[in-house]
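Tertiary structure, described
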Amino acid sequence: MATRGRPVKRGRAVKLPRVPAGELLTMLDFVRYAVSRFLEAGLVFAHGTTDPVAEAAFLVCETLHLRPDQFEAFAAARVTGREAKAILDVIARRVSTRKPAAYLVNKVYMRGLPFYVDERVIVPRSFIGELLDSHFAGDSGHSASLIEEPDAVESVLDLCTGSGCLAILASRKFPNARIEAVDISGDALDVAARNIAEYGLEHRVTLHRGNLFKPIGDARYDLIISNPPYVDEKGMAGLPRECRAEPRLAFDGGADGIDIIRRILNEAGRHLTADGGLLCEVGRCRPALEAEFPKMPMLWLDTEDSEGEVFWIAARDL
């Protein structure tokens, strides 16, 4: 549930200037215009993009039904009058509503894959997706692979699944595993079900509604992954407007941020197979966790954009 982004110094409220027809011509023109408006309005970027240029390119591409990796190929292409109106409209809505861009186009990308999102779920931006690729690659992959044979993984549990994106990524990484995903929010599970259906995974990914481990009884898994709520009381009070558009339930980790993580650690050992392990994202809660569990040997994992925000712990150490 990473909320890391690059807050831009908040500017005063602005009214977007009228753009005469034909004044902006190419995709790149519209990206430049959007960046200027975003900076002028002091938007915050923490929902799949971390800067105004990436967000502007994302919105322009989505409005034109292009994938993000197609932007460079078409950057100099001119847009039609109808397309220009649609792009200007989504730019204006991003500035005026302060909603995350993903909500405006109902899409976010993780590890290059598109997922449907709306206001019923937090916009996914977990570091776990990258770690599934980098640290669960088996003999031929990363030197620090945590599971030697991904094909041998038979069961995975995704706690606090939200939109279901991590469960879907896990199904691709562990092709022989049954995937179960749990969330306390029925609305979130409706979104997850939509994403699972779009990837044709209904036969492999099972959704459960409930509070953490309660819906799965005594079941055990080779791997548990979780991106739970972990924002502390101070962080909740200071959430930017963009994040306040998301479900509060998906952020609130209690006074110290580790209410949910504490429960996961205390209960996970009873739901892991002997050689299994827990992969959990905790944001900036590492100091609080280490103070609470000083003897627990957590292995802290880094990604391209994070340091010490996700830990791994083997079942035997729980």
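Anything mentioned here points back to the structure above.
To start, this report covers the structure provided alongside it.

Conventions used here
Residues numbered from 1 in each chain as written. Predicted model: local features only at pLDDT ≥ 70, side-chain atom pairs only at ≥ 80, totals over all residues. Heavy atoms only, no water. Buried < 20%, exposed > 50% of the residue type's maximum accessible area, 1.4 Å probe, protein only. Helix = DSSP H or I, 4+ residues; strand = E, 2+ residues; numbered from the N terminus. Pairing = 2+ DSSP bridges. Right-handed = clockwise from strand over helix to strand, strands pointing away. 1 Å grid on protein atoms, 1.4 Å probe; cavity = no way out; pocket = protein on both sides within 12 Å on 5 of 7 lines; lining within 4 Å. Points joined across faces, edges and corners; volume = space filled by probe spheres on them. Nonpolar A, V, L, I, M, F, W, Y, C, P; charged D, E, K, R; others polar.

Remarks on the pairing of strand S4 (residues 178-183)
For S4, the tally of buried residues reaches 5 of 6 residues, placing the bulk of the element in the interior. Pairing geometry for strand S3 (residues 155-159) and S4, over 5 bridges, is parallel. Paired with serine 155 across the bridge in S4 is arginine 178. For the segment spanning S3, helix H7 (residues 165-173) and S4, crossover handedness is right-handed. As defined by bridge partners, S4 adjoins strand S5 (residues 205-209) across 5 bridges and the pair is classed as parallel.

Describing the layout of surface pockets
Volume-wise, the second largest pocket comes out at about 520 Å³. Among the secondary structure elements, those contributing two or more residues to the lining of the second largest pocket are H7, S4 and helix H11 (259-268). The residue makeup of the lining of the second largest pocket, split by class, is 19 nonpolar, 8 polar and 6 charged.

Some remarks on unusual backbone geometry
Notably, arginine 111 is not glycine yet its phi reads approximately 50 degrees, a positive angle. With respect to the element layout, arginine 111 can be found in the loop between strand S1 (108-110) and strand S2 (113-115). The residue leucine 212 is not glycine, and still its phi comes out positive at about 55 degrees. Within the secondary structure, leucine 212 is located in the loop between S5 and strand S6 (221-226).

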